[in-house]
Amino acid sequence: MGNQPAKQDKDRGKESDLIRVRIRPEIDQDLVKWLSRDVKQLCTFVPKKPHAIQPPDHEIEYMRLHGLLDLDLDDPDLTHLLK
């Protein structure tokens, strides 16, 4: 019982003499151009005429029940926003 020293592999010394090399495949430059163009188009896309989105009725009801849609237009704190 107790701690025992780790066993040394006999083949370990031979393996450490090896040099490992990773080789990556060549990348087609035309494919890189196409992908970069597509990513650029996706990232810079902006709709021309964005439409306002109305939430579903059950969410409007939930917000109304919890007082999230209550807005008093005569509130003096909001006058600077409504001018």
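Given the structure is predicted, the values throughout are model-derived calculations rather than measurements.

**Q** Help me understand the overall build of the chain in this model?
**A** Along the backbone of the chain there are four helices and zero strands. In the chain, the succession of helices and strands from N to C terminus is α-α-α-α. Burial analysis of the chain (83 residues in total) assigns 1% to the buried set. When the accessible surface of the chain is totalled, it reaches about 9,600 Å², and 56% of it is carbon and sulfur.

**Q** Just to check I follow, could you spell out the pattern of salt bridges for this structure?
**A** Where side chains of opposite charge bring their charged atoms close, a pairing between them can arise. Summed over all chains, the structure comprises one salt bridge. For Arg37, the salt bridge goes to Asp38, with nearest N and O atoms at 3.8 Å. Given a relative accessible area of 33%, Asp38 falls into the partly exposed group.

**Q** Hey, could you run me through a nonpolar patch on the surface in this one?
**A** Together, Leu71, Leu73, Leu81 and Leu82 make up an exposed nonpolar region whose accessible area comes to about 450 Å². Among the structural elements, Leu82 can be located in helix H4 (residues 79-82).

Conventions used here
Residues numbered from 1 in each chain as written. Predicted model: local features only at pLDDT ≥ 70, side-chain atom pairs only at ≥ 80, totals over all residues. Heavy atoms only, no water. Helix = DSSP H or I, 4+ residues; strand = E, 2+ residues; numbered from the N terminus. Buried < 20%, exposed > 50% of the residue type's maximum accessible area, 1.4 Å probe, protein only. Areas by Shrake-Rupley, 256 points an atom, 1.4 Å probe, with all protein chains shown as cover. Salt bridge = Lys/Arg side-chain N within 4 Å of Asp/Glu carboxyl O. Patch = residues over 30% accessible without salt bridge, like charges linked within 9 Å, V, L, I, M, F, W, Y side chains within 5 Å.

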